[in-house]
Structure formats: structure tokens, C-alpha cells
Amino acid sequence: RNMMWKKHSSLYLIVSFILEVSSCWGFSSSGGGLASDLSSPTVSVVSSTRIGWIGLGTMGEHMAMHLQNRQEKLNHDNDDNSVPPFPAIQVWNRNLEKAKEHSNQYGTKVVPNLSDMCYSNNKDEDENHPSIIFLSMPTTAEVKEILLSLTDLPRGSIIVDTTSGVPSETRSIAQEWLDEQGIFFVDCPVSGGLAGAKAGSLTCMVGCNDMQVFENIIKPLLESSFAGKVVHCGPSGSGMAVKAINNVLMSAHLLLGAEGLLSLKKFGVDPTVALDVINSSSGRSLQTMERLPQDVLTGNFDFGFKLPLMAKDCRIATSITTEQFPQGTLIPEVSKLMNQANALFDDENTDVTEAVKMLEDLAGTDLRSSSQEEEEP
């Protein structure tokens, strides 16, 4: 009887919180979706909602810029002032000068102190106005550190973590913040590299326990800013898990492609010629079509994603495989190679494509094409 009461009590608290959040965000009791301020289908966040961005690194800088552009476009379309103006995106970065530069360049609003993120000058008035805060950190460890300063956010707020983090830890964070703070924690790692961030065409892999939050708030917000594709991967942590496996697959394709081209070059086949054939045949991949010809054969090594972060993602993928498919051997082997390459360079700014140099050293030759070598003095 006591166990049944505890279950019913917990259910009551959950239902009460859902009703509370539904009221804050404008969900109808019939599940009809979020009330929009404007008629445009891309407007799914009320104009009073404050949106913050924490972490203005290689990717975050451009993703926050696209969110700011969204706000400005909505204000431009709202020329009759039918709703209050959409506020500027609030930005914070560990290096305050970086945040100031972002504000000067894109029109965002600098928040010097994390504890003031998404608050006005009167916190009492903000209690019933949930906010949305995006995180863009190197690892889950930094995310946990940042969260310590966000515990005063209004109930019903949403934290969207675009970090390539640890799925199991992310799932625990999401449950803890919902239970203790009444705040949704959504994982949303992205793929598409620096070019996708600049173009606003990133693929977003979302892990979210609440489909109303995803369908009515997260997905429209992402699609109207920096995303080209938004996929709900499953419950909390699922987005992180898919991202880790995606990145270890990218690493595998990169290393396999390079190993194959090195073997062919030593056999007497020019890498450019080999790729011309492979990229119109069944063995092609994005790595043979773009990364190897654009960043390795040219000697540029400038894809824009750092090797230490890729090595970290490969370790995460290995942990998933070890736990879920212990018989698997390929993913752990790829992770081992990428982490060996990372240890070889021991430089946080090393581009991920430079992992190929480790294989070139082993082969005693490189993959610079004959035409590239001829151009060099």
C-alpha cells in the first residue's frame, strides 16, 4: 500500500508539473500545440521568451549568430508591432572579450555573469517566464560546471545542450533537472562541421523525453535558425549516442580511405586517379569525396574539427559499444587509432584530418597528389 501511494504521489507531481509547464508555454489542454504570436508557422516561441547562448567556440559563434538573425527577422516581419519585440540573444563566453566581439558583430547581448543569463533586472517578475538556454561546450564535464550557475532559472525553462557529450551522464542530468528544478534538459549535438554552422544547415540529433517540447518548441526553433535537418532520436541521451557513433564512423571512413590510398600509391596509382574511380563506385563516402581530396591530398588539413574532440567522441562510441554490444571489435579499434593519433600530436588545435599523417608515417609516404607536388616550389 505504501509503494502504491508513492507511485501515485510521484505521478501526481509529474502531471502537476506538465500542466504547469503547458500553461507557461501556451500548450492547449487538448495538446493542440504552442500558441504563436505571429501567423508564420516558424514562430513557435512567444516573443517574451529570452534565449541565451553559452559557449562561442568554433561552432557556437555561428549557431548563436543564426538565432540572432531569427530574432531580427521576426521583428522585421512584425512591422505592425502586433506583439512585443523579440529580444536579442543573450551570450556568455568564458573569454568575455569573445562575447563582446560577438555582440558588436551580430547584435547579440553580452551577459557578463552566468547567474544573470536570461533574466531581466527584476528576477521576481521573471519567475513565470521560462527561458531557453543553449550550451556549446567541449565536453560534459564543462556542461556540469556551467549548470551550477543556472539553478535559479524559472520552472519550465529549457536547456538545449549542443555539446558532443556522454549519453549516460546526459540522461542523468536530464532526469535530475526535471525532478529537482522543473527544467527540461534536451541534448542536441550537431553535425555538418564549420561549413554547416556558417550556412545554418546543420543536422541536429535531438534526445528529448517530452514530444510536445520537441515538436512545438525545439524543432521549430532549430529549423528557423541554424538547422537544415532536425531528428528526434529518442529519449534523453539518444542524440549524444547517435552523434558519437556518427563520429566514429566518420573516423573509420577517413582512416580506411587513407590506408587504401596509401596502399594504392605504393603500388603506383596516383591518389587523385584512385579517388576519381572510387568516388563513382560503391566504395565512396563523404570522406573520400570531400575530406581526403580537399584536406589531405591538398595538404591543407583544415576541415575545422579538432582531433582531440574527435578522439573524445570515439571513446564515447567505444563505451556505448562495450556496454551494448561487447562482441563488437571494429569501433574500439578505430577509437584506439584515433586516440593514438591524438597522443602523437598532443596539440588541442590539431585538425581531425591530420590523423592521416600517422598512417603516412607508417607507410613511409604521403598522399599529396602528383599535381600538388608539382605546384610546390
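An account of the accompanying structure is given in this report. (Residues numbered from 1 in each chain as written. Predicted model: local features only at pLDDT ≥ 70, side-chain atom pairs only at ≥ 80, totals over all residues. Heavy atoms only, no water.)

### Points about the overall build of the protein chain
Then, number 1: The number of helices and strands found in the protein chain is 15 helices and 9 strands.
Then, number 2: The buried share of the protein chain, reckoned over its 377 residues, is 48%.
Then, number 3: Taking the contacts inside the protein chain whose residues are at least 6 apart along the sequence as the reference set, 72% of them involve residues at least 24 apart.
Then, number 4: Put simply, the protein chain shows about 18,400 Å² of open surface, and 52% of that area lies on carbon and sulfur atoms. (Helix = DSSP H or I, 4+ residues; strand = E, 2+ residues; numbered from the N terminus. Buried < 20%, exposed > 50% of the residue type's maximum accessible area, 1.4 Å probe, protein only. Contact = heavy atoms within 4.5 Å. Areas by Shrake-Rupley, 256 points an atom, 1.4 Å probe, with all protein chains shown as cover.)

### Points about the pairing of strand E5 (residues 158-161)
Each regular strand displays side chains that alternate between the two surfaces of the sheet.
Then, number 1: By the alternation rule, side chains of E5 split into Ile158 and Val160 and Ile159 and Asp161, which are all buried.
Then, number 2: Two strands pair when backbone bridges link them, and strand E4 (residues 132-135) and E5 are joined in this way by 4 bridges, in the parallel orientation. If you follow phenylalanine 134 over to E5, its bridge partner there is valine 160.
Then, number 3: Across 4 bridges, E5 lies against strand E6 (residues 184-187) in parallel orientation. By the bridge assignment for E6, valine 160 is matched with valine 186.
Then, number 4: The parallel pair E5 and E6 is bridged by helix H6 (residues 167-181), and the resulting crossover is right-handed. (Pairing = 2+ DSSP bridges. Right-handed = clockwise from strand over helix to strand, strands pointing away.)

### With respect to the pairing of strand E9 (residues 227-234)
Then, number 1: Note that strand E8 (residues 202-207) and E9 share 6 bridges and pair parallel. Its bridge partner lying in E9, valine 206 is registered against histidine 232.
Then, number 2: Between the parallel pair E8 and E9, the chain is carried across by helix H8 (residues 211-223), and the sense of this crossover is right-handed.

### Remarks on the environment of arginine 171
Then, number 1: Mapped onto the fold, arginine 171 is located in helix H6.
Then, number 2: When the C-alpha atoms of arginine 171 and aspartate 187 are compared, they prove to be 8.7 Å apart, with 16 residues separating the residues in sequence.
Then, number 3: Here arginine 171 is in contact with Pro235, Ser236 and Ser238, once residues within four sequence places are set aside.
Then, number 4: A polar contact of 2.6 Å, which involves the side chain of arginine 171, links it to the backbone oxygen of serine 236. (Polar contact = N/O pair within 3.5 Å; in protein donor to acceptor, adjacent residues only side chain to side chain.)

### Regarding helix H2 (residues 60-77)
Then, number 1: Between its terminal C-alpha atoms H2 stretches 26 Å, which fits the 26 Å expected from 18 residues at 1.5 Å a residue.
Then, number 2: Listed in full, the buried residues belonging to H2 are Gly60, Glu61, His62, Met63, Ala64, Met65, His66, Leu67, Gln68, Arg70, Gln71 and Leu74. (Expected span 1.5 Å × (residues − 1).)

### Re the packing of helix H12 (residues 307-324) against helix H13 (residues 330-345)
Then, number 1: Here H12 crosses H13 at 155 degrees, and the two axes come no closer than 9 Å. The orientation of H12 with respect to H13, classified from their angle, is roughly antiparallel. When you trace H12 past H13, the crossing you get is left-handed. Between H12 and H13, the contacting residues are Leu307, Pro308, Met310, Ala311, Cys314, Arg315, Ala317, Thr318 and Thr321 on the first element and Ile331, Pro332, Ser335, Met338, Asn339, Ala341, Asn342 and Phe345 on the second. (Axes fitted to C-alpha atoms, helices over the stretch in contact; angles between N-to-C directions. Parallel < 35°, antiparallel > 145°, perpendicular 65-115°, else oblique. Left-handed = near helix turned anticlockwise from the far one by under 90°.)

### Some details on the pattern of salt bridges
Then, number 1: Applying the stated rule across the entire model yields 11 salt bridges.
Then, number 2: Its salt-bridge partner being glutamate 61, residue lysine 98 comes within 3.3 Å of it at the nearest N-O pair. Taken as a pair, lysine 98 in helix H3 (residues 96-106) and glutamate 61 in helix H2 lie far apart in primary sequence, 37 residues in all.
Then, number 3: Judged by its relative accessible area of 25%, lysine 98 is partly exposed.
Then, number 4: The closest approach of N and O atoms between glutamate 290 and arginine 291, which form a salt bridge, is 3.6 Å.
Then, number 5: Note on glutamate 290: relative accessible area 31%, which makes it partly exposed.
Then, number 6: Under the relative-accessibility criterion, arginine 291 is labelled buried at 8%.
Then, number 7: Overlapping salt bridges bring together Glu290, Arg291 and Asp295 as one network. (Salt bridge = Lys/Arg side-chain N within 4 Å of Asp/Glu carboxyl O.)

### Some thoughts on the nonpolar core
Then, number 1: One finds Leu292, Met338, Val352 and Leu367 to be the most contacted residues of the largest nonpolar core, which totals 33 residues.
Then, number 2: Listed by contribution, the elements that provide at least two residues to this core are helix H9 (238-267), helix H10 (271-278), helix H11 (286-296), H12, H13 and helix H14 (356-363).
Then, number 3: In this structure, leucine 367 is in contact with Ala258, Leu261, Leu262, Lys265, Pro271, Val296, Leu297, Val356 and Glu360, ignoring residues within four places of it in sequence.
Then, number 4: One finds Met59, Ala99, Ile158 and Val160 within the second-largest nonpolar core, a separate group that totals 32 residues. (Core = buried A, V, L, I, M, F, W, Y, C linked by side-chain atoms within 4.5 Å.)

### Remarks on H9
Then, number 1: Taking 1.5 Å per residue as the helical rise, H9 with its 30 residues ought to reach 44 Å, and the 43 Å between its terminal C-alpha atoms agrees with that figure.
Then, number 2: Glycine 268 lies just past H9 and shows a positive phi near 115 degrees.

### Thoughts on the environment of asparagine 246
Then, number 1: By the element assignment, asparagine 246 lies in helix H9.
Then, number 2: Using a relative accessible area of 31% as the deciding quantity, one classes asparagine 246 as partly exposed.
Then, number 3: A sequence separation of 55 residues divides asparagine 246 from serine 191, and the C-alpha atoms of the two residues are 8.7 Å apart.

### Here we look at the side chain of arginine 368
Then, number 1: Within the secondary structure, arginine 368 is located in the loop between H14 and helix H15 (370-375).
Then, number 2: Within the local environment of arginine 368, its side chain forms a polar contact with the backbone oxygen of valine 296, the two atoms lying 3.0 Å apart.

### Section: the packing of aromatic side chains
Describing an aromatic ring pair means giving the distance of the ring centres and the angle of the ring planes.
Then, number 1: Under the defined criterion, the tally for this structure stands at 3 aromatic pairs.
Then, number 2: Measuring from centroid to centroid gives 5.0 Å for tryptophan 53 and phenylalanine 134, while their planes differ by 15 degrees, and the two rings are stacked. With a gap of 81 residues between them, tryptophan 53 in strand E1 (residues 51-54) and phenylalanine 134 in strand E4 connect regions that are remote in the sequence. Side by side, tryptophan 53 and phenylalanine 134 carry an identical accessibility label, which is buried. (Phe/Tyr/Trp six-rings, centres within 6.5 Å; stacked < 30°, edge-to-face > 60°.)

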